[in-house]
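Coordinates in review
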Amino acid sequence: MIPVRIFYRKAGRAKYLAHLDLMRSVSRAIKRSGLPVWYTQGFNPHMYLTFSLPLSLGYEGMWETVDIRLNEEICSEEIISRLSPCLPAGFEIFRVSTPVQEPSAIEWADYHVELLFDEEGADRMSHALARLMEQPEILVMKKAKKGPGRKILKEVDIRPMVQLLEQKEGENCLDMTLRLRTGLSQNLNPSLFLDALYKEAEVEPDLVRIARVAVLDDHLHPFE
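This structure is a prediction, so every number in the text was calculated from the model and none was measured.

The pairing of strand β8 (residues 162-170) with strand β9 (residues 173-181) spans 8 bridges and is antiparallel. What sits directly across from Glu169, in β9, is Leu174. Between β8 and β9, which pair antiparallel one after the other, the connecting turn spans 2 residues, and Asn172 there sits at a positive phi close to 60°.

Printed below as a string of structure tokens:
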């Protein structure tokens, strides 16, 4: 059994695939490709398929990965050429390699966020962003687990979990790149930070575009 990590981009209409639909789509594509994929053993064998970091519905992803196992060695170029035509529109495989790190190594992710306004609002949002990033703490209500199958709302300070890497204001739009804590121990969805930003600005954009552009380990190296 040979472990293989597939790196891909998910954009356009593909961003509207929820995680379970994504799993089904990729699984079917692998079957159609005819790759000699490894199945788990036991009474209910299924294809070994592991996504390192699920992506929220409506977000684009530029550094997404899925791990599979093959029963025989096949070169990267052949895997890409056989699998790419079988994937839904919006998917692009850009690399195949042997996994280097476990998904537990993921600690940060970079997101490009684009806020669009029909009328004025970008300037107000830009000033609110500056004020928010100067605050020593940003308190939000976040869902937390409390016992098996039970979730509660808990007040959390997300300020240590967010960094503003870049900010650019254009005509009726505000672009920013955020670095957010991501992974098993701490995980911040961009929507929580944006909700705090909208509250600070007292205005909401008419359209929001979000893309995860990088997945990083604790040393800020790309997840491999």
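Moving on from the model shown.
On to unusual backbone geometry. Most peptide bonds adopt trans geometry, and most residues besides glycine take a negative phi value. At Asn172, a position not held by glycine, the phi torsion is positive, near 60°. Relative to the helices and strands, Asn172 is located in the loop between β8 and β9. Its relative accessible area of 31% is what places Asn172 among the partly exposed residues. Positive phi values are uncommon outside glycine, yet Leu220 reaches one of about 65°. Classification of Leu220 by relative accessible area gives partly exposed; the value is 39%.

This part is about the environment of Val215. Note on placement: Val215 falls in strand β10 (residues 207-217). A relative accessible area of 4% places Val215 in the buried class. Separated by 153 residues in the primary sequence, Val215 and Met62 place their C-alpha atoms 9.0 Å from one another. Aside from chain neighbours lying at most four places away, what touches Val215 is Leu53, Trp63, Ile106, Trp108, Ala109, His221, Pro222 and Phe223.

Once that is clear, we can look at the packing of aromatic side chains. Considering all chains together, one arrives at 6 aromatic pairs under this definition. Centroid distance Phe7 to Phe94: 6.1 Å. Interplanar angle 55°. Geometry classified as tilted. Here Phe94 lies in strand β4 (residues 91-97) and Phe7 lies in strand β1 (residues 2-10), a separation of 87 residues in the sequence. Three or more aromatic residues link up through ring pairs in this structure, and these residues are Phe7, Trp63 and Phe94. The ring of Phe94 has Arg9 sitting right over it, with the charged end atom 4.3 Å from the ring centre.

This paragraph deals with the side chain of Gln101. Along the chain, the position of Gln101 falls in the loop between β4 and β5 (106-116). For Gln101, a relative accessible area of 18% gives the class buried. Reaching out from Gln101, the side chain makes a polar contact with the backbone nitrogen of Glu224 at a distance of 2.8 Å. Beyond its immediate sequence surroundings of up to four residues, Gln101 is in contact with Arg5, Asp217, Pro222, Phe223 and Glu224.

Moving on, we come to helix α3 (residues 122-134). The end-to-end C-alpha separation of α3 is 19 Å, in line with the 18 Å expected for 13 residues at 1.5 Å each. Those residues of α3 not exposed but buried are Ala122, Met125, Ser126, Ala128, Leu129, Leu132 and Met133. Taken around the axis of α3, the buried residues stretch over an arc of 165°, which confines them to a single face. Where α3 is buried, its residues meet β5, β8, β9 and α4 (190-201).

The rules behind these values
- Residues numbered from 1 in each chain as written.
- Predicted model: local features only at pLDDT ≥ 70, side-chain atom pairs only at ≥ 80, totals over all residues.
- Heavy atoms only, no water.
- Pairing = 2+ DSSP bridges.
- Helix = DSSP H or I, 4+ residues; strand = E, 2+ residues; numbered from the N terminus.
- Buried < 20%, exposed > 50% of the residue type's maximum accessible area, 1.4 Å probe, protein only.
- Contact = heavy atoms within 4.5 Å.
- Phe/Tyr/Trp six-rings, centres within 6.5 Å; stacked < 30°, edge-to-face > 60°.
- Lys NZ or Arg CZ within 6 Å of the ring centre and 35° of its normal.
- Polar contact = N/O pair within 3.5 Å; in protein donor to acceptor, adjacent residues only side chain to side chain.
- Expected span 1.5 Å × (residues − 1).
- Arc of directions from axis to C-beta.

Remember that the coordinates give geometry; whether it matters functionally is a separate question.
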